[in-house]
Amino acid sequence: MRYHNITKDDMLNGDGLRVVLWVSGCSHCCKECHNPITWDPDGGLLFDEAAKQEVFAQLNKSYISGITFSGGDPLHAANRLDVRNLMKEIKEKYPDKTIWLYTGDLWEDIFHYPLLQFVDVLVDGEFMVDLKDPKLLWKGSSNQRVIDVQQSLRQTDSKVPVLHCSNYLQ
C-alpha cells in the first residue's frame, strides 16, 4: 500500500480528534475531487513500518478518538488487503478507538467485504459536484451516506444501511 499523508489531530473526517491515513489509488476519479493527487496507486510513499509506527504513536494518545482511512480510495484493489490487515491490527491494539472509512463505492456493492468487520463508520458513494453542499456533516455531496457499519451488518437484511447521523448538525 502507498499513501500520501498522515494527518494528526484532524477534526474534519469523523467524530472527535482523529488520525487520518490518506492512501494512494482511486479509480472513481470524481469530477472536482478535493484530492486528485491521490488517484495514482503508484503515487505517494510506501506505507512501511515507520509510517505504521507514526499512526500508532497518534493512536496511543488518549484524546485521539480513532483513525480515518481516506484517500484515494482505501477500497481500491491495490489497497484492500493492506488496509484490512492494518485495521485488524488497530482493532486488536486499540479496541476502544473507532475506524472510519471513506470510499467511492456504494454500501450495496461492498457490504460483504471482510474488512468491514473492523469499520465503525463508512462514508460511501462518489463525490458529485452537482450535489455538493458544504454544510453536510462528514460528506461532500448529498448522495453520499454516513453509515453505521456494525449496526448495518447486524440487521437481517445487511444490504440496507443504517445511517450513523443525519445530513446536518441538529
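In case you missed it, the structure is sitting above this.
Residue indices follow the written sequence of each chain, beginning from 1 at its first position. The model is predicted, so local features are restricted to residues of pLDDT at least 70 and side-chain atom pairs to those at 80 or more, both for listing and for counting; the totals for chains, interfaces and linings are taken over all residues. Excluded from the side-chain calculations are hydrogens and water; all other atoms, namely the structure's heavy atoms, are used.

(A) Seen up close, the side chain of Thr68. The helix and strand labels rest on DSSP assignments: H or I over at least four residues marks a helix, E over at least two residues marks a strand, and numbering proceeds from the N terminus. When you line up the elements, Thr68 lands in strand 4 (residues 64-70). Side-chain atoms alone can form a polar contact between residues adjacent in sequence; in general such a contact is a pair of N or O atoms within 3.5 Å, and within protein one must be able to donate a hydrogen while the other accepts it. At a separation of 2.7 Å, a polar atom in the side chain of Thr68 contacts the side chain of Arg18.

(B) A look at unusual backbone geometry. Omega for the peptide link from Gly71 to Gly72 comes to 25°, which places this bond in the cis form. The backbone phi angle of Glu32 is positive, close to 60°, even though this residue is not glycine.

(C) The arrangement of the sheet that holds strand 1 (residues 2-10) in detail. Any two strands are treated as partners once DSSP identifies two or more bridges connecting them. If you walk across this open sheet you meet the seven strands as 3-1-2-4-5-6-7, and the pairing is mixed. In this open sheet, the two edge strands, each paired with only one partner strand, are strand 3 (45-46) and strand 7 (145-148). In this sheet, strand 2 (residues 17-23) lies alongside strand 1 in antiparallel orientation, the contact comprising five bridges. When the sheet's bridge partners are listed, Tyr3 is paired in strand 2 with Val23. Strands in contact with helix 1 (residues 49-59) are strand 1, strand 2 and strand 4; relative to strand 1, the strand with the most contacts, it is inclined by about 15°. In what follows, residue pairs with any heavy atoms lying within 4.5 Å of each other are defined as contacts. For helices, the fitted axis covers only the stretch in contact; all axes are lines through C-alpha atoms, and the angles between them, taken along N-to-C directions, range from 0 to 180 degrees.

(D) A look at the environment of Gly125. In this structure, Gly125 sits in the loop between strand 6 (121-124) and strand 7. For every residue, the accessible area obtained with a 1.4 Å probe (protein chains only) is divided by the maximum for its type, and the residue is called buried under 20%, exposed over 50%, and partly exposed between those limits. Among the residues examined, Gly125 registers a relative accessible area of 3% and is labelled buried. Here the alpha-carbon distance between Gly125 and Trp107, two residues 18 residues apart in the chain, equals 7.9 Å. In this structure Gly125 touches Thr103, Gly104, Asp105, Leu106, Asn143 and Gln144, once residues within four positions along its chain are discounted.

(E) Representation of the pairing of strand 1 in the model. As judged from the two bridges shared by strand 1 and strand 3, these two strands associate in the antiparallel manner. Its bridge partner being in strand 3, Arg2 is matched across the sheet by Leu46. Counting the residues between successive antiparallel strands, the hairpin from strand 1 to strand 2 contains six residues, one of them, Gly14, with a positive phi of roughly 135°.

(F) Main features of the pattern of salt bridges. Think of a salt bridge as a Lys or Arg side-chain nitrogen and an Asp or Glu carboxyl oxygen that are within 4 Å of each other. Evaluated as defined, the whole model comprises seven salt bridges. Among the ionic pairs, Lys91 bridges to Asp120, the shortest N-O distance being 2.9 Å. Pair noted here: Lys91 is in helix 2 (residues 80-93) and Asp120 is in the loop between helix 3 (107-110) and strand 6, with a separation of 29 residues, a long-range link. Salt-bridge contacts for Arg145 lead to Glu108; the nearest nitrogen and oxygen are separated by 2.8 Å. With a gap of 37 residues between them, Arg145 in strand 7 and Glu108 in helix 3 connect regions that are remote in the sequence. Each member of the salt-bridge network shares a partner with another, and the members are Glu49, Lys52 and Glu89.

The analysis is restricted to geometry; functional conclusions fall outside its scope.
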